[in-house]
Amino acid sequence: MIALSVAAALAVFLLYTSAFGRGTPTISPGQLPGTHGRVSVVGTVVGKPTGDGHQQALRFVMRDRDGTKTVPVVYRGSVPDLFKTGREVVIDGTLVDGTLRAVPGSLVTKCPSKYAPAKSA
Amino acid sequence: MADLGRAALIVTLGLTVYAAVAGAWAARAHRRRLAASAGNALFAALGSTLVASAVLLSALLRHDFSFTYVADHTSTELPTSYSISAFWGGQEGSLLLWLLILCGYSAAAVFLNRRRAPDLVVWTVPVLGAVSTFFAFMLVAVSSPFATQTAPAQGAGLNPSLQNPYMLAHPPLLYLGYVGLTVPFAFGMGALLAGRTDERWIVATRRWTLVAWTALGIGQLIGAHWAYVEVGWGGYYAWDPVENAALMPWLAATAFLHSVMIQEKRGMLKVWNVLLVILAFCLSLFGTFLTRSGVINSIHSFTESSLGPWFLGFICVVVATSLALVFWRLPLLRSKTRLESLVSREAAFLYNNLLLVALCLTILWGVVFPMVSDLAVGTSRTIGRPYYDFFLRTFGLPLLLLMGIGPLIAWRRASLRSLGKTFLWPAAISVGLGLVLVAFGAGSSKPGLVAYTFSAFVLATIVLEFVRGTRATGSFTRLVSRNRRRYGGYIVHAAIVLLAIGIAGSSAYGSSAERKLLPGQTMRVGGYTLAYRSLTQHRDPNHLAIRAAVDMYRGRTLVARVEPGKNDYFAEQQVSNEMAIHTDWLRAEDVDVIADQIEPGGAIYFKALVKPLVNLLWLAGLVFLCGSLITLWPDPREERRLAARYYALAHG
Amino acid sequence: MTGSLILAALVAVAAVLLVAVPFLREPAPREDTIHEPLAADKRRLELAEERDRALAALKELEFDHRTGKLTDADYRELVGTYRRRAAAALQALGSAT
């Protein structure tokens, strides 16, 4: 009986994954070149962001968490309060001509380290 | 002072190692005094950990910045209660809290059971000692809260998002839950080591499991409330790995609470129960590993600390040894009882267990998938919300229905005519309600409609149970006091139903709107009109409060004045979102207004959400607590019966 | 600084004392072994649990019948089996004691 239900659960699961795909790849800016379609990019905000996301598109540069590769980002939508230079962010988008065109509203800032002291910006 | 703290922790480490080693030796060689001594070591460990905790707490209250930990997590401007909460606000301190609670639970468990079940306790002590040794070791050698430095003039302050009353309740409650699962695990392992096949270990730990499970549940609800009220995205659960980290052990513990009832009634599922308690405990360890190690991408994710590999190693050791233990004792545990019918209460409990474990494992898969895909194909892929929502519905809705069916079926076997009789009214009520709801437009969301209908079914069942029971026993209080576990359990089920209704309502039937407004302009959302009046600022001790005055109308009537805005914290140089929530009790919905972006000229980008029935979630928490307390309440008659059963063995 | 050291020493001493108490209380006991429950005891416990289970099942059957979850027909069908099971369990325990 247990075997039957395990089989049923597995069937449901496989059905789902085949229908809904295999999740969004989460990559760093350095891995972006050459990707197609929507990806989720994790990195640190560097330089001076411009724009506010609503009237003007927010433009900023993302860098690998522990590397040097960067990518410019264009974003429209809500900008979380915690967003600023030096923060780690996650954003969904597609690479177009070397710039990441972000999915509106997909910008997420990580809660600044709870278990490490807050660094002075 | 830091030296005292460090020394106290070293003493704790020594004691836990002694408890583990001497305890194991004493159990193996049947040495009575040595066993008592090992048990005492756990009491002493509580003492020395209390000393260490007192040192840290006093340093926090005195703002002694020579303690690196204190400087990193507090400032002189920080209100006292948050200085206290900074104890568990950081990596090292939270580990110390974990150890403190673990020592407390261990000491209490040993104290309460050493006379009643000496042959069981003698093996439980080394297990508790071993687990405590790990945490004590981490605190002494890897992540000490007592590092010192030359005291700076000012501390870094506590992260503003943690400066709220929730920080005082949420982590300690969660820890009381996580750590609490260690006790049934230790007793279960102790029973295996002692070669016991009876349910003594379950009887001994029943209340512990309930307490831990309740604490974990309430802790999560508080976390959800925190997310809802403070974080300001209008939601309360994001399927974030760290949130899931608490949900998974809770689901496993829920399954365990039900399956031990089967062992109690029918003597079946002994192996399953042991495996479940191992799963629950390992998931609680895994949960804290996820939260600390930074291995998984999470919005709560903290630094990639060096703790990760240690925790992972410990979890592997625990899994390996406990599974080996189960395998070794497998022949003893096999029971001869078979499931008599697929339509019986045991079967219903079994289905419930399978669904809970299935849900738990799918969440686990979703959480580790990024790590797995990274290892397998080189890119870590994250699984999004739709995955979790799908499985919550697939497994959760049948679970909801089962909550109603289970109590109506008798043990062993239920005939169709009995079923027909008992199902009639609840089914009729729920179908009727379903039709009414469709008429009111609830058909817009099919899962929502199903959830509502099933919920009605379950609530009808529960009410019927209470009514029938009261009629049979003559008085309501007598009914409940004679059957505390059953009727307390029904109340807990009612709480879960309320939770389901609240979740369905707020996710399936809400509305939202976003607009940029200048003072004087209005926007509409879900039947309300919001008018932005003005922008003000005022200064609090450690932050600047910026607030927008917004009037909320329903038609032409002014319903409320809300003040969404932001807080700008000086020392931490951070801005937090202060969402305004207006609760309309009559319409049973919340209207959330978020001042998303405030421009220098006074223009504000607003986001407004209407969330129907969301407050049922919090009400569910209260009902849950109430039901749980009833279930926990000691029953003198049952205590006497159990004591008589085990007396001979204890004094034989 | 020395204050902390003294306190630390006190903590350590207290810990050692607490751990040593069982040995200090009984420096030369008559016997120092923990009695493993005999196989007979374990068997008796299992039978006691079986008895409690059978009695509880009977009680619950009555309760289910009284609250209307079990029809009279079903109750009549099952009560005989349950009573026999309870009687058997009581007997088994009685003969083992």
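What you see is a predicted model; the values in this text were computed from it and never measured.

Calculation criteria
Note on numbering: residues in each chain are counted from 1, in written sequence order. Chain labels run from A onward and ligand labels from 1 onward, assigned in the order the entries are written. At least 70 in pLDDT is required for a residue's local features to be given in this predicted model, at least 80 for side-chain atom pairs to be given and counted, and no such filter applies to totals for whole chains, interfaces and linings, which use all residues. Helical segments are the DSSP runs of H or I of at least four residues, strand segments are the runs of E of at least two, and each set is numbered from the N terminus. Any residue surrounded by 20 or more other C-beta atoms within 10 Å of its C-beta is treated as buried, while 12 or fewer makes it exposed and the intermediate range makes it partly exposed; C-beta atoms here are placed from the backbone. By definition, residues are in contact whenever their C-beta atoms, placed on the basis of the backbone, come within 7 Å of each other. Note on residue categories: nonpolar means Ala, Val, Leu, Ile, Met, Phe, Trp, Tyr, Cys or Pro, charged means Asp, Glu, Lys or Arg, and polar means any other residue, Gly included. An axis is simply a line fitted to the C-alpha atoms; with a helix, the fit covers only the stretch in contact. Between two such axes, the angle follows the N-to-C directions and lies from 0 to 180 degrees. We call two directions roughly parallel when the angle between them is under 35 degrees, roughly antiparallel when it is over 145, roughly perpendicular when it lies between 65 and 115, and oblique otherwise. Working rule for handedness: look at the near helix, and if it is turned counterclockwise from the far one by less than a right angle, call the crossing left-handed; if clockwise, right-handed. Each residue carries a pLDDT value, the predictor's own confidence for that position, ranging from 0 to 100. Expected span, for any helix, means 1.5 Å times one less than how many residues it has. Bend at a residue means the angle formed by two fitted axes: the first through the 7 residues ending at that position, the second through the 7 residues beginning there. Note on definitions: a nonpolar core is a set of buried residues drawn from Ala, Val, Leu, Ile, Met, Phe, Trp, Tyr and Cys, linked by C-beta atoms within 7 Å. In this description, strands pair whenever DSSP reports at least two bridges between them.

1. Comments concerning the overall build of chain A
Along its length, chain A carries one helix and seven strands. For chain A, with 121 residues in total, the buried portion stands at 30%. Partitioning the contacts of chain A with sequence separation of at least 6, the portion at a separation of at least 24 is 47%.

2. Remarks on the interface of chain C and chain B
In this assembly, 41 residues from chain C lie in contact with 45 residues from chain B. When residues of the side of chain C that touches chain B are traced back to their parent elements, those giving at least two are α1 (2–25), α2 (39–66) and α3 (72–96) of chain C. Looking at the side of chain C that touches chain B, the element that brings in the most residues is α2(C), giving 14 residues. For the side of chain C that touches chain B, the per-class residue count stands at 22 nonpolar, five polar and 14 charged.

3. Looking at the packing of helix α8 (residues 182–194) of chain B against helix α12 (residues 307–333) of chain B
All names here are of chain B. Between α8 and α12, whose axes approach to 9 Å, the crossing angle comes to 40 degrees. Put simply, α8 runs oblique to α12. When you trace α8 past α12, the crossing you get is left-handed. In this structure, α8 uses M189, L192 and L193 to contact α12, whose residues at the interface are S322, L325, V326 and R329. The residue makeup of the contact of α8 with α12, split by class, is five nonpolar, one polar and one charged.

4. Concerning the confidence of the model for chain C
For chain C, the mean per-residue pLDDT works out to 85, and 98% of the residues sit at or above 70. Across the interface, the model reports ipTM at 0.89; the global pTM reads 0.90.

5. Regarding the confidence of the model for chain A
With 75% of its residues at a pLDDT of 70 or more, chain A has an overall mean of 74. A low-confidence stretch, residues 113–121 of chain A (pLDDT under 50), is modelled with 24 contacts involving residues beyond four sequence positions or located in other chains.

6. Observations regarding the arrangement of the chains
Contact analysis covers two pairs of chains in contact, and the most contacts occur between chains B and C. Chain C makes no contact with chain A, the minimum C-alpha separation between the two being 24 Å.

7. Remarks on helix α15 (residues 416–439) of chain B
It helps to recall that an α-helix has 3.6 residues per turn; residues three or four apart then point in one direction. For α15(B), with 24 residues, the first-to-last C-alpha span of 32 Å sits near the 34 Å given by 1.5 Å per residue. Along α15(B), the largest kink reaches about 45 degrees and is centred on F423(B); proline P426(B) follows within four residues of it. For α15(B), every residue scored as buried is listed here: S418(B), T422(B), P426(B) and S430(B). Taken together, the buried residues of α15(B) touch α14 (385–408) and α16 (446–473) of chain B together with α3 of chain C. Backbone geometry just after α15(B) places G441(B) at a positive phi near 100 degrees.

8. Observations regarding the nonpolar core
By size, the foremost hydrophobic cluster in this structure holds 198 residues, and its most contacted members are A8(B), A19(B), L42(B), L99(B), A252(B), A253(B) and A280(B). The biggest single contributor to this core is helix α2 (residues 32–61) of chain B, with 16 residues. The residues contacting A8(B), other than those within four sequence positions of it, are S48(B), V51(B), A52(B), V55(B), A8(C) and V11(C).

9. Here's the deal with the pairing of strand β4 (residues 528–539) of chain B
All names here are of chain B. Looking at chain direction, strand β3 (residues 522–525) and β4 are connected through four bridges and run antiparallel. Note that in β4 the partner of M523 across the bridge is L530. The turn linking β3 back onto β4 is made up of two residues, and G526 within it adopts a positive phi angle of 45 degrees. Direction of pairing for β4 relative to strand β5 (residues 543–554): antiparallel, over a ladder of 11 bridges. Looking at β5, one finds that A531 is bridged to D551. Turn length for the β4-β5 hairpin, with the two strands adjacent in sequence and antiparallel, is three residues.

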